[in-house]
Every structure is written in structure tokens, then in C-alpha cells.
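This is what each chain is made of:
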Amino acid sequence: MFSSFRLAMTWVHTWFGLVLGFVLMVVFFFGSLSVFDREIDRWAIPETRYEPQVMPSFDQMLRPIFEQIEPDEAELEAARARVGKLEAELPLMNWSAYTTHRDPVLALYAEFAVRNNPDDAEDHVHGHVTIDPRTGARLPEDRLKIGSEFFYPMHYSLHVNWLGLGYWIVALAALVMLVALVSGVVMHKKLFREFFTFRPQTNRQRSILDLHNLTGVVALPFHFMFALTGLIIFAGIYFPVSETTLKQLAEKHERIEANAKGLAHDPAGVKAPLASVDAMVALAKSRWAARDMAGEVGFLWLNHVGDRNGTVSIYRAGSDQVALVGQAVHFEATTGRIIHEEPPPSPVASVNEFLTGLHLQHFEHWLLRWLYVFGGLSGCVCIATGLLFFVGKRKQKHAAQGIQGARWVDALAVTSVTGPVLAVLAILVANRGLPTEIGERNVFEEGAFWIAWVLAGAHAALQSRPVQQGRIAPAWRQQCHAIATLAIAAVVLNWITTGEHLGSSISRGYWPVAGFDLVLLAAAAIALTAARRLRMREKTKRRDNDDIEADMLEPAHG
Amino acid sequence: MVDAGLLMLAFLCSFTGMSWLALALKPHWVQVRDAVPHSESLVRRLRWFGATGLVLSLAVCLVADHASMAWLVWIMTLSAAALLVAMALAYAPRSLSWLAAIASGLRGSA
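Residues numbered from 1 in each chain as written. Chains lettered and ligands numbered in written order. Predicted model: local features only at pLDDT ≥ 70, side-chain atom pairs only at ≥ 80, totals over all residues. Heavy atoms only, no water.

(A) Molecular detail of the overall build of chain A. Across its full length, chain A holds 19 helices and seven strands. Against the globule reference of 24 Å for 558 residues, chain A gives a C-alpha radius of gyration of 26 Å, in line with a compact fold. The C-alpha extent of chain A, read off along each of the three principal axes, is 80 × 60 × 55 Å. The buried share among the 558 residues of chain A stands at 52%. For chain A, the share of sequence-separated contacts (at least 6 apart) that also reach a separation of at least 24 residues comes to 70%. (Helix = DSSP H or I, 4+ residues; strand = E, 2+ residues; numbered from the N terminus. Rg over C-alpha atoms; globule rule 2.2 N^0.38 Å. Buried < 20%, exposed > 50% of the residue type's maximum accessible area, 1.4 Å probe, protein only. Contact = heavy atoms within 4.5 Å.)

Structure follows, in C-alpha cells:
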């Protein structure tokens with residue numbers, strides 16, 4: 001079918017890259033935003049603009065709040081759909097709380113057993129609340145954590161929850177990313193000789209391809225590691241062997257492991273009081289200090305709450321390491337006696353913790369965070385230039401032959417490149433612009449996001465006709481203008497509604513808000529520059545993609 | 001603050017290292033130094049300088065952070081430095097002439 005391996009790789013790179021490039025663009029863009037998800041949360045929820053807090057006292061503050069947590073109404077409804085009538089009061093299974101060095105608010109979680117499901121003995125529902133750990137006050141339910149609860153899930157599930165389809169599309173995209181990287185390296189004839197090459201002064205197609213190669217090659221380790229570790233993190237979803245083929249083995253392993261550590265796998269069914277968890281925390285901290293790794297609590301987990309077999313597990317926050325949490329100390333809940341202190345992880349476990357930790361990044365290292373944003377955005381540039389190159393290469397030919405292909409690919413490229421930026425800005429503007437009194441504010445905010453994106457797509461389609469004549473679609477320029485306008489509007493609205501402008505946030509050294517405002521202004525500046533240059537190009541109407549040396553381009557025309 | 005200084009130093013080492021590796025390639029040398037000859041021995045020296053810069057950068061990263069973190073920081077630093085060098089060569093190639101001058105033994109520095 002192909003005369004050489006390289007031609008075959010070119011075909012794979014072009015067509016797989018095209019089909020999943022749109023998804024990858026979204027995954028990379030929202031992934032880059034998720035690096036600063038908690039900081040975006042602060043910007044979006046002004047009540048929480050204070051310094052990160054450590055895990056507060058369980059006995060004094062958390063326990064009474066945990067006791068009030070009810071199962072989420074939506075989850076109860078879903079459970080009723082599964083099993084019919086539910087018990088009047090679902091038995092409590094466990095409580096947990098997770099925090100990092102970037103969290104001023106604390107999310108508390110509870111799980112409740114659904115005991116009457118014959119198909120799943122471990123069926124359960126969740127409940128959660130978010131509190132201000134300084135006072136114990138609960139955060140209103142309708143305050144959307146735009147960074148960690150909206151942009152971040154967008155990154156790995158696209159918010160397509162039906163049948164978990166979103167996870168699978170993202171997985172496929174990650175797989176294609178790996179394929180595109182390998183095939184891209186194979187196609188690239190001068191990987192080392194043109195490692196540093198970018199020629200913006202040459203013709204448009206040449207410089208687009210240079211930028212595509214440059215952003216793909218220099219950040220290759222990042223692209224590769226993140227596509228791979230992303231797949232590893234969700235391996236349990238993609239290959240649910242412990243739920244299917246190997247279910248019995250997995251359950252047995254779970255029991256044996258629990259027994260080996262002396263932690264009860266099942267509740268005893270006998271009520272028992274809970275000893276002081278604060279004392280256990282103090283003991284765990286002294287154990288960490290004794291190992292020369294003094295630290296704070298990252299994860300607190302109470303299993304079989306109120307039962308004689310109850311346990312309390314305290315995990316150290318991994319701010320200073322790549323792994324998320326670790327060095328767990330497990331206690332008997334009724335007495336506060338240490339049952340098991342986890343030894344350093346085995347080599348396999350450390351590799352796993354390192355790979356997932358490097359992707360999930362809960363460590364404290366601001367430079368590395370920004371370098372991840374750089375990696376993610378270079379991925380965006382790589383994908384966007386790939387799409388532009390595809391269109392640029394075909395639009396003259398398609399124009400001459402009256403084929404619509406290049407036109408619609410270009411419209412989809414607009415929808416997936418400037419579209420998500422507009423959607424993000426729309427949710428931010430809605431977040432600051434909507435009155436606080438309206439109920440279910442989160443629903444309106446999410447609505448603004450999706451409507452803006454759909455409008456961006458419709459606009460891209462309507463304004464794509466010039467591509468049919470071999471020209472640049474004005475949609476690119478117009479959406480750049482919209483981006484600049486909305487980004488500035490978001491900064492101004494933040495100022496009006498919270499009184500916090502750049503001068504004040506910088507002078508009080510509050511970087512989550514100052515930094516995000518600066519990023520918005522930078523985005524506006526970049527969008528304006530891009531719009532100006534697009535206008536120049538639209539005017540020159542140069543047919544500039546015919547004069548490229550054949551060997552510089554993809555050999556096949558796909 | 002010490003850490004921030006070390007990380008800046010690590011980035012500087014990566015940047016100079018990457019610049020020298022780029023200058024070991026003829027087209028980039030010409031961009032920066034025009035007609036100054038690009039001899040065989042100069043290329044070898046530029047490669048050595050470049051490699052040393054990258055290794056030094058790793059060493060500084062290892063001093064600044066725990067080893068597992070340091071490798072991540074180093075790899076990402078290399079990527080960012082390479083992109084910066086490419087942009088410098090594209091828009092302001094002369095800005096790298098001091099590095100070319102250092103490598104060519106400060107002879108005929110621009």
C-alpha cells in the first residue's frame with residue numbers, strides 16, 4: 001500500500017492526528033489550565049481568597065461537620081434507579097479529607113453503603129461538603145470550583161459522562177498522541193539538524209511546519225510522559241480486570257493485604273466509640289519526624305466509622321516529593337493504638353507513585369508548575385499548527401477542485417483552538433458578572449461555557465467560506481478579538497465585584513488572583529497581536545504555499 | 001530564595017548549553033557570526049561546551065531539589081531552554097553572539 005515505511009507513518013500521522021487532533025487540543029488546553037486549578041478556584045470564589053490551611057483539628061472541628069454530611073441527592077436518585085427502594089438511613093462507611101499546600105478550603109467526603117443491591121455487594125453513594133478550615137463554615141453548594149471541578153474534569157473526561165464515554169475518547173486521543181509522536185519522529189528527516197529551526201520570515205506553510213516540529217520535538221519528553229502517565233492513571237478504568245476477569249483474585253488480594261496490615265476488611269457490626277483522632281495525628285507526625293521527614297497531614301481516612309473494627313489512616317502530604325501522599329500510619333479507631341506503619345514503598349510501587357504523581361502534580365514546586373504549563377501550551381501550539389498545516393496544504397487544491405474538505409477542517413480547527421479559549425473566558429465572565437443571589441449559580445456558569453463554545457463553532461462554520469477560495473477564514477481574527485475583549489472584561493469584572501485589582505493583589509502578594517489576572521491580560525495581548533497579523537495576511541492574500549521545496553514537506557498528499 | 005537562585009542558575013546553564021549546541025550547527029552559526037569560519041575543531045568545542053552546560057544544569061537541579069523532582073525540573077528546563085534558543089535565533093540571532101565569542105576563545109568577538 002505504501003512504498004516506504006516513512007510514507008506509511010506519514011499517512012498515520014496525518015489522518016489519526018487530524019481526527020483526534022481536535023480532542024487533543026481540548027485535552028492539552030484544559031490540562032494546562034488544570035496545573036493551576038486551585039488558583040483558578042480562588043479567582044472564581046472570592047470568599048476563599050486567603051492563604052492555604054493545614055488540616056484542622058478533627059476532634060474540635062471536623063467531626064461534627066462529618067456527622068452532618070448527607071448523601072448527595074443526585075447520587076441517591078441514581079441508586080434508587082439501580083436498586084429500587086433504599087433503606088431509610090443508609091449506613092455510614094467511611095469519612096475522608098484531602099488537602100495540599102495549595103488548598104485554603106477543605107473538602108470532606110463520606111461514603112454510605114447501599115446494602116440491598118444483589119448485583120454489587122459494595123454498592124455505595126457519596127456525600128461531600130467544602131469548608132473554610134479556619135472557622136468550619138460550610139461553603140455554599142452552588143459555588144462552582146471552576147478550576148478543580150470544571151476545567152480539570154474537562155481535561156480527562158470532556159464532561160461526557162454517558163457510559164463513561166469521555167474517558168474513552170480521551171484515552172484514545174492519548175494513545176493517538178503516542179502514535180503521532182513516534183510517527184512524527186519517523187517522518188522528521190532532520191530531527192537533529194533542524195532541532196532549533198524556526199523560520200518565521202519564510203512562506204507561511206514552511207514556518208507553520210517549523211513551529212509544529214519545534215514545539216513537538218523540544219517538548220517531546222513532556223508530551224510522551226504526559227500521554228503515557230495519563231493512560232496509566234486511568235488504567236483501572238480502561239482495563240477493569242479487578243472488576244471483571246480477575247474480580248475474585250482482586251477481592252482476595254484486598255482481604256489478604258488488609259489482614260497483613262491488621263486492618264479489618266469488614267465492619268464487626270458492633271458499635272464502638274472513637275478515640276481522639278487529634279492524638280493519633282500528633283503521634284503520626286512524631287513518627288514522621290523520627291524518620292527525618294516531618295510533614296503535615298495530606299489525607300485523613302476513617303474506615304468503618306463508629307464500628308468496633310474502625311480504623312483511622314493518616315497519610316503525610318507529599319509537598320516535597322513527586323508521589324501524592326505517603327508514609328501512612330494506621331490506627332485502631334477505638335483505642336488510638338498504632339496497628340501498622342507503612343514501610344517505604346516497594347520499587348514497583350514507587351515507580352507507579354512517581355509516574356502518577358508527576359502527572360497529578362500535588363508537589364510544591366512553582367517553577368515546575370509553570371514549566372508544565374509551558375509543556376502543555378507547546379502541545380497546543382503543536383496540534384494547532386498541525387491542523388493549520390493540513391488546511392494550508394490542501395486549501396488551494398480543494399478550492400480549484402471545488403472540494404469542501406479544507407473548509408470544514410478549518411472551521412473545526414477554529415472551534416477547537418479559539419473555541420475553548422472563548423468558552424473559558426465566558427464562564428469566567430459569567431462567574432464574576434452574575435448576581436450572587438440567583439440560586440444554582442453553577443448551572444448558569446456552566447451554561448455560559450457551553451453556549452459560548454457552540455456559538456464559536458457556529459461562527460467558525462458561517463465564516464469559513466473564504467477558505468473555499470483559498471483564503472484565510474476571518475473567523476480566526478474575529479475570535480481573537482472576542483478573546484481579547486472577554487479576557488479584559490474578566491479582569492475588569494473581577495475588580496468591580498471584589499475590589500481586587502492588580503495593584504492590590506500584587507501589593508498584598510496574593511498570587512493566585514494576581515497571577516491569573518496577569519495571565520488573562522497576557523492572553524488579551526497575544527490575541528490582539530494575532531488579530532493584527534491575521535488582518536495583514538488577509539489583505540495580502542498571498543498564495544504562498546506552492547513554492548516549498550518538495551523534500552521539506554510530507555511526501556504524501558494523504 | 002536560595003532555591004530560586006539555584007533554579008535560575010540551572011536554567012541559565014541549560015540555555016547556554018543549548019545555545020552552544022545550536023551554534024555547533026552551521027546554519028545557526030552563520031545566523032549569529034556571519035562569515036566567521038565554522039571549523040571542525042570549533043564544532044567539537046561547541047558540542048563539548050554545550051554538553052557541559054546541560055550536565056551542569058542537571059547538577060544544579062540535583063542540588064536544588066530532591067532527586068526525583070530534580071530530573072523532572074531538568075528535563076522541562078531543557079525543553080524550555082531549547083525553545084527559547086530557537087526563538088532567539090529566529091528573531092534576534094545576534095543576542096547569542098557573546099556565547100559564540102566565548103566558544104571561539106573571545107577572538108573577534110562581536
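Now that the structure is up, let's keep going.
(B) Highlighting the packing of helix α6 (residues 165–187) of chain A against helix α8 (residues 220–233) of chain A. All names here are of chain A. Orientation of α6 relative to α8, taken along the N-to-C sense of each, is 150°, at an axis distance of 9 Å. Classified by the interaxial angle, the pair formed by α6 and α8 is roughly antiparallel. Here α6 and α8 pass one another in a crossing that is left-handed. Residues Ala-171, Ala-174, Leu-175, Met-177, Leu-178, Leu-181 and Val-185 of α6 lie in contact with α8, whose contacting residues are Leu-220, His-223, Phe-224, Ala-227, Leu-228 and Leu-231. Its residues assigned to classes, the contact of α6 with α8 shows 12 nonpolar, one polar and no charged. (Axes fitted to C-alpha atoms, helices over the stretch in contact; angles between N-to-C directions. Parallel < 35°, antiparallel > 145°, perpendicular 65-115°, else oblique. Left-handed = near helix turned anticlockwise from the far one by under 90°. Nonpolar A, V, L, I, M, F, W, Y, C, P; charged D, E, K, R; others polar.)

(C) Spotlight on the interface of chain B and chain A. With 25 residues of chain B in contact, the opposing surface of chain A contributes 29 residues. Ranking the residues of chain B by area buried against chain A places Met-69, Leu-72 and Met-76 of chain B at the top, with a combined share of 28%. Taken together, the connections running from chain B to chain A amount to zero salt bridges. At the boundary of chain B and chain A, one finds three residue pairs in polar contact (both at pLDDT 80 or more). Tallying contributions element by element places helix α4 (residues 67–91) of chain B first for the side of chain B that touches chain A, with 17 residues. Of the residues in the side of chain B that touches chain A, the class split is 19 nonpolar, five polar and one charged. (Buried area = accessible area lost by both parts, 1.4 Å probe. Salt bridge = Lys/Arg side-chain N within 4 Å of Asp/Glu carboxyl O. Polar contact = N/O pair within 3.5 Å; in protein donor to acceptor, adjacent residues only side chain to side chain.)

(D) Just the nonpolar core, in detail. Core analysis: the largest hydrophobic core is formed by 139 residues, its most contacted members being Phe-30, Phe-151, Phe-196, Leu-368, Tyr-372, Leu-428 and Phe-449 of chain A. Ranked by residue count, the leading element in this core is α4 of chain B, at 16 residues. (Core = buried A, V, L, I, M, F, W, Y, C linked by side-chain atoms within 4.5 Å.)

(E) Just the sheet that holds strand β1 (residues 92–98) of chain A, in detail. Residues and elements named next belong to chain A. Spatial ordering of the open sheet is given by β3-β2-β1-β4-β5-β6-β7, a layout of seven strands whose pairing is antiparallel. Because the sheet does not close on itself, it has two edges, and the strands there are β3 (124–131) and β7 (338–341). Strand-to-strand, the axes of this sheet are offset by a mean angle of 15°, without reference to chain direction. Where strand β2 (residues 106–113) lies against β3, eight bridges are found, and the strand directions are antiparallel. Following the sheet pairing, Leu-106 is matched in β3 by Ile-131. Along the sheet, helix α11 (residues 277–290) makes contact with β4 (297–303), β5 (311–317), β6 (325–332) and β7, crossing β5 at roughly 45°. (Pairing = 2+ DSSP bridges.)

(F) Geometry of helix α7 (residues 204–218) of chain A. All names here are of chain A. With 15 residues, α7 ought to run about 21 Å at 1.5 Å a step, and its terminal C-alpha atoms sit 21 Å apart, in line with that. Of all 15 residues in α7, 15 are buried, a share of seventy percent or more. Measuring from the side-chain oxygen of the N-cap residue of α7 to the backbone nitrogen of Gln-205 gives 3.2 Å; that N-cap residue is Asn-203. (Expected span 1.5 Å × (residues − 1).)

(G) Inspection of the packing of α8 of chain A against helix α12 (residues 347–360) of chain A at higher detail. Residue and element names in this part refer to chain A. Remark: α8 packs on α12, axes separated minimally by 9 Å, with the N-to-C direction vectors making an angle of 115°. Taken together, the axis directions place α8 and α12 in an arrangement best described as roughly perpendicular. Relative to α12, α8 is oriented so that their crossing is left-handed. Two secondary-structure elements touch here, α8 through Met-225, Phe-226, Thr-229, Gly-230, Ile-232 and Ile-233 and α12 through Asn-352, Leu-355, Thr-356, Leu-358, His-359 and Leu-360. Residues of the contact of α8 with α12, tallied by class, amount to seven nonpolar, five polar and no charged.

(H) Inspection of the pairing of β2 of chain A at higher detail. All names here are of chain A. Along β2, seven of the eight residues are buried, which leaves the element largely enclosed by surrounding structure. Pairing analysis gives six bridges linking β1 to β2, with the strands arranged antiparallel. Among the inter-strand pairings, Trp-95 is bridged to a residue of β2, identified as Ala-110.

(I) Structural context of helix α2 (residues 37–44) of chain A. With eight of eight residues buried, α2 of chain A is to be regarded as a mostly interior element. Every buried residue belonging to α2 of chain A is among Asp-37, Arg-38, Glu-39, Ile-40, Asp-41, Arg-42, Trp-43 and Ala-44 of chain A, and all of these are buried.

(J) Broad picture of the packing of aromatic side chains. Residues and elements named next belong to chain A. Under the definition given, this model contains 34 aromatic pairs over all chains. Arranged with centres 5.7 Å apart and planes meeting at 55°, the rings of Phe-30 and Phe-151 form a pair that is tilted. Highlighted residues: Phe-30 in helix α1 (residues 5–34) and Phe-151 in helix α5 (residues 146–157), separated in sequence by 121 residues. On the basis of relative accessible area, Phe-151 is assigned to the buried category, the value being 0%. On the numbers, 6.0 Å between centres and 55° between planes, the contact of Phe-222 with Tyr-372 is tilted. Residue Phe-222 is located in helix α8, and its partner Tyr-372 is located in helix α13 (residues 366–401); the two are separated by 150 residues in the primary sequence. Given the relative accessible area of 5%, Phe-222 is considered buried. In textbook terms, an aromatic cluster arises when at least three aromatic residues are bridged by ring pairs, as seen for Phe-29, Phe-30, Phe-150, Phe-151, Phe-449, Trp-450 and Trp-453. Taking the ring centre of Tyr-50 as reference, the NZ or CZ of Arg-134 above it sits at 3.4 Å. Above the ring of Phe-390, the side-chain terminus of Arg-394 is found at 3.8 Å from the ring centroid. (Phe/Tyr/Trp six-rings, centres within 6.5 Å; stacked < 30°, edge-to-face > 60°. Lys NZ or Arg CZ within 6 Å of the ring centre and 35° of its normal.)

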